Amino acid sequence: MTPPDGDTPPTDRASADPTGPEATHHRIAVEVADPLAAELAADRLWQLGTLGIEERPGLLVAVFDDESTARAAAAEFGAPTPEPLDAIAAVDAARWRARPVRVGPVLIRPPWVDPSSLPVGAADDADPTPALELVIDPGRAFGSGSHPSTRLAVALLHPVVGPGRRVLDIGSGTGVLSVLAGLCGSTVTACDIDPPAVETTRDNVRRNQLTGRVAVTDRSVADLTGPYDVIVANVTIDIHERLAAEIDRLAAPAGVVVASGILEGRQLDRLLAAHPGRVLVEHRREGEWAGVVLGPPTAAPTLERVAGRT
Ligand SMILES: C[S@@+](CC[C@H](N)C(=O)[O-])C[C@H]1O[C@@H](n2cnc3c(N)ncnc32)[C@H](O)[C@@H]1O
């Protein structure tokens, strides 16, 4: 995703710098004979301080944030010499930095983070038990939950999805929003024009056992046919403006649009102007970032609209 109006790009992977602090990260590969051995080895790796473990057939790949700990762990398991992460694509280093994220009742966690080790309730003391767990491997796509635009989209999307609702996720990235909608019982079409994002969305849809409910496509929005009850788009304002007419075409008569990836102020004004027939029904912000729900003209307006926001 490109920087909106020159601001910090809302992209997880753009922040990966193989010469930065994560260059000290190392990974080790531990062979495991069977599932029991894998479980015991994983327990020990967590005790030794691994940041995360990826399970592969017959292998656990564990990442450490300093070389000496990685070496000690490798020696204990008789594993080969740790491999520095700067030898790996920078995006993979960013991937390992993904952390569990709470958005109200929703928990987004990378698959290699042990769920039992999560600081339950740390993100939301009023609601200590997450109602919904999304297991999201960021792969090479945007949408780990680390960026405010994703969190705003999650917070605004969650109340408007549910059984029987048809949802279109434009710019699915990791598929985090599609997985959320699918787990809530909606039927979902996830689309993205970036091949790694399409692949990552597919992986995460499978990972969350939603293959029958979430269809993933690389077709352009112009080639899709609706109608959809909910259309969510976390894309830059320039992209949103280009897609706005298609979004309105694809929406059911009572359909809502959840938009994120925009900045407060002028970009929000541009977004509202791009959907002249719609009413602002919800507006949230996190720092400089804004997220909105736009309803059909018949929707009840918010106080903000009454106060002249639009
Ligand atoms: C900011 S990411 C959003 C990812 C995820 N939905 C989230 O909320 O975190 C925007 C995504 O939109 C995709 N994208 C950009 N232009 C697009 C277009 N015209 N049609 C579909 N996807 C597009 C990008 O490839 C990227 O994966």
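Each remark here, short or long, concerns the structure printed above.
Residues numbered from 1 in each chain as written. Predicted model: local features only at pLDDT ≥ 70, side-chain atom pairs only at ≥ 80, totals over all residues. Heavy atoms only, no water.

A. Focus on the environment of G171. With respect to the helices, strands and loops of the structure, G171 is situated in the loop between β8 (166-170) and α5 (176-183). In this view, G171 contacts C191 and D192; residues no more than four positions away in its chain are not counted. (Helix = DSSP H or I, 4+ residues; strand = E, 2+ residues; numbered from the N terminus. Contact = heavy atoms within 4.5 Å.)

B. Structural context of the side chain of S149. Following the sequence through the fold, S149 ends up in helix α4 (residues 148-157). Here N234 takes part through its side chain, which lies 3.1 Å from a polar atom of the side chain of S149. (Polar contact = N/O pair within 3.5 Å; in protein donor to acceptor, adjacent residues only side chain to side chain.)

C. Geometry of unusual backbone geometry. For the bond running from G226 to P227, omega is -5°, close enough to zero to count as cis. Residue placement: P227 occurs in the loop between β10 (214-217) and β11 (228-234).

D. Geometry of the nonpolar core. Core analysis: the largest hydrophobic core is formed by 33 residues, its most contacted members being I108, L134, L157, L180 and V258. Residue contacts for L180: discarding those within four places in its chain leaves V106, L132, L134, V154, L157 and H158. Of all hydrophobic cores here, the second largest spans 24 residues; its members include C191, Y228, L268 and L271. (Core = buried A, V, L, I, M, F, W, Y, C linked by side-chain atoms within 4.5 Å. Buried < 20%, exposed > 50% of the residue type's maximum accessible area, 1.4 Å probe, protein only.)

E. Highlighting the sheet that holds strand β3 (residues 59-64). Overall, antiparallel pairing links the 4 strands, which are arranged β2-β3-β1-β4 in an open sheet. Taken across any chain shown, the strands that pair with only one partner, and hence form the sheet edges, are β2 (52-56) and β4 (83-84). Strands β1 (26-31), β2 and β3 of the sheet are contacted by helix α1 (residues 35-47), whose axis makes an angle of about 5° with β3. In the packing of helix α2 (residues 67-77) onto the sheet, the strands contacted are β1 and β3, and the crossing angle to β1 comes to about 10°. (Pairing = 2+ DSSP bridges. Axes fitted to C-alpha atoms, helices over the stretch in contact; angles between N-to-C directions.)

F. Up close: the pairing of strand β14 (residues 289-295). For β14, the buried fraction is high: 7 of the 7 residues fall into the buried class. The two faces of β14 match: W289, G291, V293 and G295 on one face and A290, V292 and L294 on the other face are all buried. Two elements, strand β12 (residues 251-263) and β14, share 5 bridges in a ladder whose sense is antiparallel. Bridge pairing links V257 to L294 in β14. When strand β13 (residues 279-286) meets β14, the two strands line up antiparallel, connected through 7 bridges. The residue of β14 that forms the bridge with L280 is L294. The antiparallel pairing of β13 with β14 creates a hairpin that spans 2 residues between the two strands, and G287 there sits at a positive phi of about 60°.

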